[in-house]
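# A structural walkthrough
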Amino acid sequence: MKREYSRPRQSLKKWARYWRHAVVFLFLVTVSGCAAYRPMPITEEAVRARLQSPDMGQVRALAREIKHPILHPVELKADEGLSPNGAAVLAVLLNPSLRAIRDQRALSDAQILDAGLLPNPELTYSLDVPTGGDTAGRVNAFGLGLDWNVTSLITRASKVREAKARGEAVDLDIAWREWQVAQGAKAAVYQLSSLRSQIALLEQVHKQAVENLAYVRNAVSNGFMTASDLNSIRTVNSSVNERLLSLEKQADQQRLNLLRLMGLPTDSQIHLRKNLSLPSRIILPNMSLIDGLEQRRLDLLALRRGYDSQEAAVRAAVLEQFPKITIGPTFSRDTDNIRTTGFGLNIGLPIFNQGQGKIAVERATRKKLYDEYITRVFEARSDIKQVESGIRFLNEQIAAAQATEADLGKLEEDYRTALADGRADALVYYRTWTDLIDAQIKIVDLKGQLAQAVVALELATGFFEIPGPDKSSEAVSIKSSVEKEQ
């Protein structure tokens, strides 16, 4: 009898040993694949290190090599001062809020990785111990099985496609946020330049008002002028002083805003480029700037890729209606010590839940994204027309202000000649001269508004630079540039 059953028993023992080795191997593989926990506490030292002043040498190197679908690399030179394009690049490189936004890339990469992972096989084990009845000669029964969900292969391609499209949408959305911050910094440079020029002109008026006040006081004391004249000149001097303080306040607020956009400490000094000029007139291109808008605007491209991602999500939800099927080998022994090796098949019956809820959610989300895209296109076209209208009116306002300046300039020359010949009063001349300076201040203010309007038009159209009047508004598709960068 021993010889008759020795070989089957040896074979069973051999299979049991193989199973034990397999279980140990699976356990080691599972443990080795686990990620380790690494704490990342928020400490004062860590915050201070992230907020400290950047190494400008490294920043200049990054500015020369910046890669963006719209922005161009620039050469930052401290001795030349800050240009609008230089401020735009600095804002993209150093703005703290953009760092947090760029972290979404790591999240989208993780989602792409997660979408491509297949589900883990499931190892099952059961043990039955005889505890009553005729237990003589009985052994402990056990069951061992290995199952895997094969239906995950059906939806894997759609889920990977969804995650990749979402990742591309995130990249485009980040580039759009960077472009917004860059244009904000560019507009802030023009505004700060305009305010500083206005302050310089008004300081001349303030200086002259102080001299006029001293002149009138002396004249009143000598009896050549009255107290009413003194009160009048005091009122003018006070008004000029208030205007100057208001402009200085606006300039300081704009300086702080620019530093914030560029991610620099509030005590940093801003030296603008000396040859920075404000436009006097902008001639818009003959072609419509709306043409090709959906291939240039980064936010529209991001919405399109987000919609493509949702299309894949809807497809994956529909495919998930397929019944869940798990298959795998089984190995068991009953209480009579009979061992069996077989095959297991589990099929989920979609009787109550056929995925209707998830499909409805994904379809509703797709409809929402579709309407959001249409709305954004409509708003973008409306914004372009609104900014174009503002530019045309600013052109006319500047032309009218320049004509007024020319007339006041001639009048000021006549009064200056008359004053030298003793045919005009000094206060009358200075009032005319003040009107001339006020006209110049108004022109500088309008030019600053026009420069900011051009920046707004660049942002609305997706152009790095608005095409000239003889050029077509068609440009290289930004979509192809983004895909090339990726």
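For the structure itself, consult the block above.
Predicted model only: the values in this text are computed from it and were never measured.

## A few points about the overall build of the chain
Scanning the chain from terminus to terminus reveals 12 helices and 4 strands. The proportion of buried residues among the 486 residues of the chain is 36%. Within the chain, contacts between residues at least 6 apart in sequence are counted, and of these 77% link residues at least 24 apart. On the chain, roughly 29,500 Å² of surface is accessible, and the fraction owed to carbon and sulfur atoms is 54%.

## What to know about helix H7 (residues 227–262)
Helical periodicity: at 3.6 residues per turn, an α-helix aligns residues three or four positions apart in one direction. For H7, spanning 36 residues, the distance from its first C-alpha to its last is 52 Å, which sits close to the expected 52 Å at 1.5 Å a residue. Backbone geometry just after H7 places glycine 263 at a positive phi near 70 degrees.

## Regarding the pattern of salt bridges
Side-chain pairs of opposite charge can arise whenever the charged atoms involved come near each other. Within this structure, the stated rule accounts for 23 salt bridges. Aspartate 252 serves as the salt-bridge partner of arginine 255, at 3.1 Å between the closest nitrogen and oxygen. Of this pair, arginine 255 and aspartate 252 both sit in helix H7, 3 residues apart, which is roughly one turn of the helix. For arginine 255, a relative accessible area of 16% gives the class buried. With a relative accessible area of 33%, aspartate 252 lands in the partly exposed category. For arginine 416, the salt bridge goes to glutamate 412, with nearest N and O atoms at 2.8 Å.

## Remarks on a nonpolar patch on the surface
Judged by side-chain polarity, Phe343, Leu345, Ile347, Leu349, Ile351 and Phe352 come together as a nonpolar surface patch covering roughly 770 Å² of accessible area. With respect to the secondary-structure elements, phenylalanine 352 resides in the loop between strand S4 (339–347) and helix H10 (356–420). In this structure phenylalanine 352 comes out as exposed when scored by relative accessible area, which is 78%.

## Things to note about the environment of serine 197
Examined against the element boundaries, serine 197 turns out to sit in helix H6 (residues 152–221). Using a relative accessible area of 31% as the deciding quantity, one classes serine 197 as partly exposed. Separated by 248 residues in sequence, serine 197 and aspartate 445 have C-alpha atoms that sit 8.8 Å apart.

## Quick notes on the sheet that holds strand S3 (residues 325–333)
Pairing in this open sheet of 4 strands is antiparallel, and the strands run S1-S2-S3-S4 from one edge to the other. Looking along the sheet, the strands with just one partner apiece sit at the ends: strand S1 (122–128) and S4. Each neighbouring strand pair of the sheet contributes to a mean axis angle of 20 degrees, computed without reference to strand direction.

## Digging into the side chain of aspartate 147
In this structure, aspartate 147 sits in strand S2 (residues 141–149). For the buried residue aspartate 147, which engages in no salt bridge, the nearest side chain bearing the opposite charge is lysine 324, 9.7 Å off. Once you skip the residues sitting within four places of it in the chain, aspartate 147 turns out to touch Pro121, Glu122, Thr124, Thr326, Ile327, Gly328 and Asn346.

## Remarks on the packing of helix H4 (residues 84–94) against helix H5 (residues 96–116)
Following both chains from N to C, one finds H4 and H5 inclined at 55 degrees, their axes separated by 6 Å at the closest point. Regarding the angle of H4 to H5, the classification is oblique. Of the residues in H5, those in contact with Ala91, Val92, Leu93 and Leu94 of H4 are Pro96, Leu98, Arg99 and Arg102. Grouping the amino acids of the contact of H4 with H5 by side-chain chemistry returns 6 nonpolar, no polar and 2 charged.

## Quick notes on H4
Within H4, 9 of the 11 residues are buried, which leaves it mostly tucked inside the rest of the structure. Considered for burial, the residues of H4 that qualify are Pro84, Gly86, Ala87, Ala88, Val89, Leu90, Ala91, Val92 and Leu94. Where H4 is buried, its residues meet helix H3 (56–64), H5, H6 and H7.

## Considering the packing of aromatic side chains
Counting across every chain of the model gives 4 aromatic pairs. A ring pair is formed by tyrosine 307 and tyrosine 370, whose centres lie 6.0 Å apart and whose planes are at 55 degrees; its orientation type is tilted. Here the residue tyrosine 307 occupies a position in helix H9 (residues 298–319), and tyrosine 370 occupies one in helix H10, the gap between them amounting to 63 residues. An aromatic cluster of three or more residues is present, and its members are Tyr125, Phe142 and Phe331. Across the ring face of phenylalanine 464, the terminal group of lysine 186 is positioned such that the distance to the ring centre comes to 5.6 Å.

## Considerations on the pairing of S3
In terms of strand pairing, S2 meets S3 through 6 bridges, oriented antiparallel. Paired with asparagine 149 across the bridge in S3 is threonine 326. Where S3 meets S4, 9 bridges bridge the pair, whose relative direction is antiparallel. Along S4, the bridge assignment pairs proline 329 with phenylalanine 343. The antiparallel hairpin formed by S3 and S4 contains 5 residues in its connecting segment, where asparagine 337 sits at a positive phi of about 65 degrees.

## Some words on the packing of H4 against H7
Running from N to C, H4 and H7 point in directions that differ by 55 degrees, and their axes come no closer than 7 Å. As summarised for this structure, H4 and H7 are arranged oblique, according to the angle between their axes. Residue-level inspection shows Ala87, Leu90, Ala91 and Leu94 of H4 in contact with H7, the latter providing Leu258, Leu261 and Met262. In terms of residue class, the contact of H4 with H7 is built from 7 nonpolar, no polar and no charged.

## Some remarks on the nonpolar core
Note on soluble globular proteins: their nonpolar side chains tend to be buried together. In this structure, Leu82, Leu258, Met262, Ile270 and Leu298 are the most contacted members of the largest nonpolar core, which totals 60 residues. Those elements that place two or more of their residues in this core are H3, H4, H5, H6, H7, H9 and helix H11 (426–461). Top contributing element to this core by residue count: H6, with 19 residues. Those residues in contact with leucine 82, other than ones at most four positions away along the chain, are Ala87, Leu90, Val189, Leu258, Met262, Ile270, His271, Leu272 and Arg273. Ranked by size, the runner-up nonpolar core spans 24 residues in total, among them Leu289, Leu293, Leu394 and Leu446.

Criteria and thresholds
The numbering scheme is per chain: residues are counted from 1 as the chain's sequence reads. Only residues with pLDDT of at least 70 are given local features in this predicted model, and only at 80 or more are side-chain atom pairs given and counted; all residues enter the totals for whole chains, interfaces and linings. Side-chain metrics rest on all non-hydrogen atoms present in the structure, leaving aside hydrogens and water. By definition, any uninterrupted DSSP run of H or I lasting at least four residues is a helix, any uninterrupted run of E lasting at least two residues is a strand, and each is numbered from the N terminus. Throughout this description, buried means an accessible area under 20% of the type-specific maximum (1.4 Å probe, protein chains only), exposed means over 50%, and partly exposed covers the range between. Contacts were defined at the residue level, with two residues in contact if any of their heavy atoms lie within 4.5 Å. To measure how exposed things are, a 1.4 Å probe is used in the Shrake-Rupley method; for residues, cover is taken only from the protein chains shown. By this rule, a helix spans an expected 1.5 Å times one less than how many residues it contains. Each reported salt bridge corresponds to a side-chain nitrogen of Lys or Arg within 4 Å of a carboxyl oxygen of Asp or Glu. In this scheme, patches are assembled from residues that exceed 30% relative accessible area and form no salt bridge. Like charges are connected within 9 Å, while nonpolar side chains (Val, Leu, Ile, Met, Phe, Trp, Tyr) are connected within 5 Å. Note: two strands are recorded as paired if DSSP finds a minimum of 2 bridges between them. Fitted lines through C-alpha atoms give the axes, limited to the stretch in contact for helices. The angle between two N-to-C directions lies from 0 to 180 degrees. His is not counted, nor are the chain ends; Lys and Arg add positive charge and Asp and Glu add negative charge. Comment on the angle field: the value is read as roughly parallel under 35 degrees, roughly antiparallel over 145, roughly perpendicular from 65 to 115, and oblique elsewhere. When residues are sorted by character, Ala, Val, Leu, Ile, Met, Phe, Trp, Tyr, Cys and Pro go into the nonpolar class, Asp, Glu, Lys and Arg into the charged class, and all the rest, Gly among them, into the polar class. Only Phe, Tyr and Trp rings take part, Trp by its six-membered ring, and two of them pair if their centres are within 6.5 Å. Stacked means planes under 30 degrees apart, edge-to-face means over 60, and tilted covers everything else. Two conditions define a charge located above a ring, namely a distance within 6 Å from the ring centre to NZ of Lys or CZ of Arg, and an angle within 35 degrees of the ring normal. We call a set of buried residues a nonpolar core when its members are Ala, Val, Leu, Ile, Met, Phe, Trp, Tyr or Cys and they connect through side-chain atoms within 4.5 Å of each other.

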